[in-house]
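# Results of the structural survey
Read off the chains here:
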Amino acid sequence: MAGAISSGPPTSTRTYQGLGQYLMLPSWVIIGFFLVLPVGMMLIYSFLTKEFRGGVIWEFSLSAYDQFFFDRGLFGDEPAKIEWTYITIFWRSIWQAALATVLCLIIGFPTAWFIATRSGRNKAILLFLITIPYWVNLLIRTISMKFLIRDTGPLNTWLIEFGLISEPLHMVNTNFAVQLGLFYSYLPFMVLPIYASVERYNNSLSEAAADLYASKFVILSKIVLPMVKPGIIAGCILVFVPSLGAFLAPDLLGGAKNFMIGSLIEEQFKGNAGNWPFGAAASMILLSMVLVVLLFYARAQDKGGQNHG
Amino acid sequence: MARKVDLKRFPGFQSMTYLCLILLYAPLLIVMVYSFNDSRSITSWGGISLRWYEDVFFGLEAEKFRAAAFNSVVIAIIAAITSTTIATMAATGMLRAGKFRGKSFSFALINLPLMVPEIVTAVATLIFFSAIGFNAGYLTILIAHIVFCIPFAYLPIAARMQGIEDIYEQAAQDLYATRFEAFKLILLPLMAPGILSGFLLAFIISLDDFIITNFVKGAGIETLPTAIFGAAKQGIKPNIMAISTLLLLVSVVFVTLSYLIGRMGQNKNGKQI
Amino acid sequence: MKHMLKLGASALALMLATSTAHAEGKLSIYNWFEYMPKELLDKFSAEHGIEVTMDTYDSNESMLAALKAGKLGSYDVSVPGDYMVKIMASEGLLDTFSKDELSNFGNIEPKWVDVSFDPGRKSSIPYQWGSTSFAVNRDAFSGDIATTDMIFNPPAELKGKINVLDSQGEVLAFAALHLGIPQCSTDREQLKAVNDLLQNAKPHWASISSDIAKDVLVSREADVGMIWSGFSAKAREEGANVEYAFPKQGYVVWMDNVVLLKDAPNRENALKFMNFLLEPENAATLTNFAQYTAGVSGSGAFLNPTVAALPESNPPADGNGVFVQACSEEVQKVYDTIWTNLKK
């Protein structure tokens, strides 16, 4: 065995040359069998027929996608019109996720920059403070937010006590609450990748620009932002993608009237609807949207890689 | 030469940072504070007391929460051990085994659980188990947890391995150690902080998971997050705040541990992970 | 690493064993949320040495969907409402028992034995019965509340302060009562009218949810809440100044029943449990907790007097409560569409 190394100059990654596939085997099997295969099965289910009162029949049908895109009236016998309901839910989800991303960016970028430009101990402490909420249970964070903003919750109580408002602001079960929940849930996801980018940023670029009489604003917009763009894009993806499929924020903070994709899907499996093929179809559509976003990301990264060598 | 203006400073960035921290922590701190509220109503303040903690441990729902906590911890330990093992092997394969067929595909595969939205993973897993007639129970939860814990365990392990040159293993092999011995006696001990850090993250990810567990759990089985969700659906009660505070502290302790262990490893070897 | 693997493998094997084997002495219940006092389950466990687990649901329809989607075979009993018993029987989800298998069968109040949804009680026993209507906060509204207008055509000060149960059967039955049309009507115009009614009322509703039904009244996020009678009483107990309405157009009465599920993993224990619930004292414990009415003779003696005297449990003499009907497949499909239209 030891003779293996005499067969050439040692390179830093070849100690276990030839064992790669064996070492990867458990990952392949587990993820392939319990994630890739299930997604394939979900695709099949989206083309099955819903049984009356729940359950599925193994018969090919396009009715799940038909229900998603076309409205055939109350009795199913009118000419097909475009069904706007689910498109609206998807559009609302995209809009909410995009808004959450922008808000996270507005707060997250300055934060990431500020932390990355601190020194030593301060930097470590600030970074750690951002990291902790990243790992704290999302359910608990959403419950906390709901408690804070309910009509008789601490926020309204204090606002009234300080005389800023006279009637409690109604926030729970509104789109605003969902937005707040998404923003709050995924804010750390924005800060961390931007931080990593800023860390790598070489400040002598700013200094060179300043020597050439560039203003701070110009330095920020023309030099810093383009250089840390990969981190910003990564942060935006990490906020946008989970926001798009979020379930807890719309469910706990939005009530049943501010559906997002996640709550629509959940309703098909855990709620009254019991329409698995439709839920599978909605999941497939969500997954395709996410894959498109990730493809754009991969392409942007490739381009970035070329630009910066 | 000192510059008149500090180019690393932009106006308002500092206040944004404080705003960000307040936004992140205020709801959590308020729930923590209110979990010590003596009042039966969750909205009015009735002085400090531990009654809701007593309620969590000895009250009407104590048994349910205890069983759920036990399930959560057992599942998290097994899922974390299994996924850390798989992730360690995968990292060794990706970083120490040169080129092989399917390498770039493997990288995408390991990261797949991070890219697929959680609700889609939940739906797909539920459908799959149902289609193959696999009875939902502990095992369905466990398998699902192992799958999504793999990338979380992989990240710190791979980061650590990248920071360790393979000269030590090479030296061992020059001294007639087999590759397995080199792995066991050299690489693993050097990797220990990374592996432990990966294990802790996988543990906390499994312990915290709600969405996937909620879809694949079987009859009569609850984990702590699903039990909390079930209770919180009917309104946030003070005992929910107490148990949330406890779970929150567990997360904080584990993340801190993972962080410190990661740093310890760095200092000893003087290398950046 | 070897140790880790070994440990993992043996633990896996252990989990496998516990998840597939149904040991002696277990009972798996699928029940509504907040519908079973813990003390009663503890008593049953202690008396029979049976370990009980319970999952909960928040509507008849979601219970049916879950069972049809593969949960059948993992529960022994569930607690469907009247019309749902009939549907579950027609779907083949229920097992039957004979009277001799339940020594307390004779305790069932005579009027609840030969019920239309399970004639002669072959698969079910009474659990609790009560009504579904709505509760109104008297601090918010002082006028006449005995009309379904409170839900479907609310006065200005209550608009946007209404919660409606996430329960298809009950909401659609209420809509039919409001319109004065029969339930499960096959008339296209009437079905359209139901759809329009709900679409027009929806903007006035703050939420459509069952599990928060009591909480929103207590926290005053809603001032009108469609609600089950016992929950209304509990909301008042928790401090909400609510009055339960018996609208003149009618309201829904229901009976929840413990049914023996098909493929029950612990059929014997399920029957022991049903027999246990037919003991007058145990039925009364249930009533004292849930604040509805038991269908068991002799349970009155063990009742908490305040529970018996609740306004919710004592409708006016001219009150016209109706049961929710199980519709034909043809109508049910339209009902499903109406419901989806409402929820989306």
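Residues numbered from 1 in each chain as written. Chains lettered and ligands numbered in written order. Predicted model: local features only at pLDDT ≥ 70, side-chain atom pairs only at ≥ 80, totals over all residues. Heavy atoms only, no water.

Moving on, we come to the state of the cysteines. Residue and element names in this part refer to chain C. Overall, the coordinates contain 1 disulfide over all chains when judged by the stated rule. One disulfide in the model links C184 with C327; its S-S distance is 2.0 Å. Residues C184 and C327 are joined through a disulfide that is left-handed, its torsion about the S-S bond being -75 degrees. With a gap of 143 residues between them, C184 in the loop between α6 (168-179) and α7 (188-201) and C327 in the loop between β10 (321-322) and α13 (329-343) connect regions that are remote in the sequence. There is no split in this pair, since C184 and C327 are both buried. (Disulfide = S-S within 2.5 Å. Helix = DSSP H or I, 4+ residues; strand = E, 2+ residues; numbered from the N terminus. Buried < 20%, exposed > 50% of the residue type's maximum accessible area, 1.4 Å probe, protein only.)

Moving on to the domain arrangement of chain C. Residues and elements named next belong to chain C. According to the domain assignment, chain C contains domain 1 (9-129 + 255-308) and domain 2 (130-252 + 314-343). Each of domain 1 and domain 2 was reduced to a C-alpha centroid, and the two centroids are 27 Å apart. Contact residues are listed per partner, giving 19 residues for domain 1 and 20 residues for domain 2. Of the roughly 1600 Å² buried between domain 1 and domain 2, counting both surfaces, carbon and sulfur atoms make up 54%. Three residues, Y83, Q291 and Y292, lead the burial of domain 1 against domain 2; their summed loss comes to 32% of the area buried on that side. On inspection of domain 1 and its partner domain 2, the count reaches 2 salt bridges. Notably, a salt bridge pairs K234 with E34, separated by 3.4 Å at the nearest N-O pair. Mapped onto the side of domain 1 that touches domain 2, the elements with two or more residues apiece are α4 (82-90), β4 (124-137) and α11 (280-290). (Domains from an automatic or database assignment. Contact = heavy atoms within 4.5 Å. Buried area = accessible area lost by both parts, 1.4 Å probe. Salt bridge = Lys/Arg side-chain N within 4 Å of Asp/Glu carboxyl O.)

A word on helix α3 (residues 62-96) of chain B. Residues and elements named next belong to chain B. Compared with the 51 Å implied by 1.5 Å per residue over 35 residues, the 49 Å span of α3 between its first and last C-alpha is a close match. Most of α3 is tucked away: 25 of the 35 residues are buried. Looking one or two residues past α3, G98 carries a phi angle of roughly 65 degrees, positive in sign. (Expected span 1.5 Å × (residues − 1).)

As a further point, take the packing of aromatic side chains. Under the criterion given, the structure shown has 55 aromatic pairs over all chains. With a centroid separation of 5.1 Å and 85 degrees between ring planes, the pair formed by F68(A) and F90(A) is classed as edge-to-face. Within this pair, whereas F68(A) is found in helix α2 (residues 63-69), its partner F90(A) is found in helix α3 (residues 84-116), the two being separated by 22 residues in sequence. Residue classification places F68(A) among the buried residues on the basis of a relative accessible area of 3%. Owing to a relative accessible area of 5%, F90(A) belongs among the buried residues under this scheme. Considering the side-chain rings of Y30(C) and Y57(C), the 4.8 Å spacing of their centres and the 70 degrees angle between planes classify their relative orientation as edge-to-face. Note that Y30(C) is positioned in strand β1 (residues 26-32) and Y57(C) in strand β2 (residues 51-57), a separation of 27 residues in sequence. In this structure Y57(C) comes out as buried when scored by relative accessible area, which is 4%. Sitting above the plane of the F65(B) ring, K64(B) keeps its charged end 5.6 Å from the centroid. Across the ring face of F231(C), the terminal group of K214(C) is positioned such that the distance to the ring centre comes to 5.4 Å. (Phe/Tyr/Trp six-rings, centres within 6.5 Å; stacked < 30°, edge-to-face > 60°. Lys NZ or Arg CZ within 6 Å of the ring centre and 35° of its normal.)

The next point concerns the interface of chain B and chain A. Contact residues are listed per partner, giving 99 residues for chain B and 97 residues for chain A. When the two sides are added together, the surface that chain B and chain A hide from each other amounts to roughly 9200 Å², 77% of it contributed by carbon and sulfur. The interface formed by chain B and chain A contains 1 salt bridge. A salt bridge links K233(B) to D251(A); the shortest N-O distance between them is 2.9 Å. At the junction of chain B and chain A, the tally comes to 11 residue pairs in polar contact (both at pLDDT 80 or more). The element that contributes the greatest number of residues to the side of chain B that touches chain A is helix α1 (residues 13-34) of chain B, accounting for 15 residues. Classifying every residue of the side of chain B that touches chain A gives 68 nonpolar, 17 polar and 14 charged. (Polar contact = N/O pair within 3.5 Å; in protein donor to acceptor, adjacent residues only side chain to side chain. Nonpolar A, V, L, I, M, F, W, Y, C, P; charged D, E, K, R; others polar.)

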